[in-house]
Amino acid sequence: RHAVTARGLVKVYGSGDAAVHALRGVDVAFAQGRFTAIMGPSGSGKSTLMHCLAGLDTVTEGEVYIGDTEITRLNDRQLTRLRRERIGFVFQSFNLLPTLTAEENILLPLNIAGRQPDRELFDLVIDTVGLRERLKHRPSELSGGQQQRVAVARALITKPHVIFADEPTGNLDSRSGTEVLSFLRTSVRELGQTIVMVTHDPVAASYADRVVFLRDGRLVTELLRPTPQSVL
Ligand code: ADP
Ligand code: ADP
């Protein structure tokens, strides 16, 4: 079973002489319950690929499936709803609401969707992430690593079909980065969460089950059970 599938993905920005071929025919599938990292040099198309997979950007050619749903056929309204109901996002810059506590931030997507929190899942996530003592704190009272763990908890609480993480450790020191990566790994192992992460950091990528490498808009190679050395 694949959580996310892309076939013949082409993305061209602009047109004519100014056209930039960001993706030149990408075929890739992400298995359910696996943690995959996307690596590649700056400008190779990593962000573009993630944005196309997550329905944040339109594709020029090709198909993207989230589960069985071909998202490249959906209109804007359907796409917004699919993103809200089935996709979790983690960004480099945490994107927490400053006036809400950690707990309120984590529960926000459920509140917006009018869904009841799954208390068992909430407790499991909070204990795994080690935030029990920080639930009433606001983001400004938390370290960067703690803020990012809140952001991951917020992504997990809706039980999304897939979490897309864009350089989740980009703003963290290596110790906080390691805490966030361990938490991502644990959520894959304990909850069967599917995660697709863009990173340029070999240590971050080594936490994934699989790394795919992009170059000039093409998928050039992939690696199973990566180590920090093997992805360099
Ligand atoms: P990466 O994430 O690997 O650094 P990107 O996906 O950001 O790569 O960019 C791939 C290529 O597409 C680059 O040449 C970049 O300049 C170009 N690009 C990205 N976004 C846009 C845009 N909105 N308009 C025009 N060109 C873009
Ligand atoms: P499993 O328990 O599913 O066998 P592991 O936790 O042994 O998986 O590791 C799977 C992958 O994650 C390995 O490729 C490993 O390199 C990476 N990994 C796990 N923990 C760490 C860590 N603390 N530091 C660096 N890489 C790690």
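These notes cover the structure that comes with them. (Residues numbered from 1 in each chain as written. Chains lettered and ligands numbered in written order. Predicted model: local features only at pLDDT ≥ 70, side-chain atom pairs only at ≥ 80, totals over all residues. Heavy atoms only, no water.)

For the chain, the count of helices and strands is 7 helices and 10 strands. Over its C-alpha atoms the chain spans a radius of gyration of 17 Å, differing by no more than 12% from the 17 Å that the globule rule assigns to 232 residues. Overall, the chain is about 55 × 45 × 35 Å in size when its C-alpha atoms are taken along their principal axes. Burial analysis of the chain (232 residues in total) assigns 50% to the buried set. Pairs at least 24 residues apart make up 68% of the contacts formed inside the chain by residues separated by at least 6 positions. (Helix = DSSP H or I, 4+ residues; strand = E, 2+ residues; numbered from the N terminus. Rg over C-alpha atoms; globule rule 2.2 N^0.38 Å. Buried < 20%, exposed > 50% of the residue type's maximum accessible area, 1.4 Å probe, protein only. Contact = heavy atoms within 4.5 Å.)

This part covers the sheet that holds strand β3 (residues 35-39). Reading across the sheet, the 6 strands line up as β6-β7-β8-β3-β9-β10 and stay open at both edges, with mixed pairing between neighbours. Each end of this open sheet is capped by a strand with a single partner; those strands are β6 (87-90) and β10 (218-224). Adjacent strand axes in the sheet meet at a mean angle of 20 degrees when their direction is disregarded. Taken together, the 4 bridges between β3 and strand β8 (residues 195-198) define a ladder with parallel strand orientation. Opposite Phe35, over in β8, you have Ile195 as the bridge partner. (Pairing = 2+ DSSP bridges. Axes fitted to C-alpha atoms, helices over the stretch in contact; angles between N-to-C directions.)

Next up on the list: the pairing of β6. Across the two faces of β6 the burial is the same, with Ile87 and Phe89 and Gly88 and Val90 all buried. Two elements, β6 and strand β7 (residues 162-166), share 4 bridges in a ladder whose sense is parallel. Across the sheet, the residue bridging to Ile87 is Val162, located in β7.

The final tally for this structure, using the stated rule, is 14 salt bridges. When the shortest N-O distance is used, the salt bridge between Glu85 and Arg81 registers 3.3 Å. Of this pair, Glu85 and Arg81 are both found in helix α2 (residues 76-86), 4 residues apart, which corresponds to roughly one turn of the helix. Owing to a relative accessible area of 40%, Glu85 belongs among the partly exposed residues under this scheme. Connected via shared salt-bridge partners are Asp123, Asp127 and Arg132. (Salt bridge = Lys/Arg side-chain N within 4 Å of Asp/Glu carboxyl O.)

On to the nonpolar core. Residues Phe35 and Ile106 are the most contacted members of the largest nonpolar core, which totals 42 residues. With residues up to four places along the chain from it excluded, the contact list for Ile106 reads Phe122, Ile126, Leu135, Val150, Ala153, Arg154 and Ile157. Within the second largest apolar cluster, 28 residues are counted, among which are Ile38, Leu53, Val59 and Phe89. (Core = buried A, V, L, I, M, F, W, Y, C linked by side-chain atoms within 4.5 Å.)

Let us look at the site of ligand 1. Neighbouring residues of ligand 1: Tyr13, Val20, Ala22, Pro41, Ser42, Gly43, Ser44, Gly45, Lys46, Ser47 and Thr48. Ser44 places a polar main-chain atom, nitrogen or oxygen, 3.2 Å from an oxygen atom of ligand 1. A distance of 2.6 Å separates an oxygen atom of ligand 1 from a polar atom in the side chain of Thr48. Surface burial for ligand 1 is 57%, taken as the share of its 560 Å² of free accessible area covered by protein chains. For the shell around ligand 1, the elements supplying multiple residues, two or more each, are β2 (20-31) and α1 (46-53). Here the shell around ligand 1 gets 3 residues from one element, more than from any other, and that element is α1. Of the residues contributing to the shell around ligand 1, the split by class is 4 nonpolar, 6 polar and 1 charged. (Near = heavy atom within 4 Å. Polar contact = N/O pair within 3.5 Å; in protein donor to acceptor, adjacent residues only side chain to side chain. Areas by Shrake-Rupley, 256 points an atom, 1.4 Å probe, with all protein chains shown as cover. Nonpolar A, V, L, I, M, F, W, Y, C, P; charged D, E, K, R; others polar.)

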